[in-house]
Amino acid sequence: MNHQLDVRALLKGISIWEVVLFLPAILLFSYLPDERLIDIFINVFIFFCCTIGLFTISRYVQRFVKRG
């Protein structure tokens, strides 16, 4: 029973951004090569740019919906 409470507390603490960004991060780092250090930096840069893009699009949609 204690384990169920721990899982519920964990799931309550997860935000939608963590869920949305977890899959692209896993796919990016499993698909692109990461044998050299420069490849890892490129993957992080691509993920960072995608994160900024998703955040910008969501803010734009929120403003658009608020205007009605």
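Preceding block: the structure.
Residues numbered from 1 in each chain as written. Predicted model: local features only at pLDDT ≥ 70, side-chain atom pairs only at ≥ 80, totals over all residues. Heavy atoms only, no water.

## Focus: the overall build of the protein
- Scanning the protein from N- to C-terminus turns up 3 helices and 0 strands.
- For the protein, the succession of helices and strands along the chain, N to C, is α-α-α.
- Put simply, the protein has 68 residues, and 7% of those count as buried.
- Counting every atom, the protein has about 6,300 Å² of accessible surface; 72% of that belongs to carbon and sulfur. (Helix = DSSP H or I, 4+ residues; strand = E, 2+ residues; numbered from the N terminus. Buried < 20%, exposed > 50% of the residue type's maximum accessible area, 1.4 Å probe, protein only. Areas by Shrake-Rupley, 256 points an atom, 1.4 Å probe, with all protein chains shown as cover.)

## A few points about the pattern of salt bridges
- Inspection of the entire model under this criterion finds 1 salt bridge.
- When the shortest N-O distance is used, the salt bridge between Asp-39 and Arg-36 registers 3.6 Å.
- Under the relative-accessibility criterion, Asp-39 is labelled buried at 12%.
- Residue class for Arg-36 comes out exposed when judged on its relative accessible area of 55%. (Salt bridge = Lys/Arg side-chain N within 4 Å of Asp/Glu carboxyl O.)

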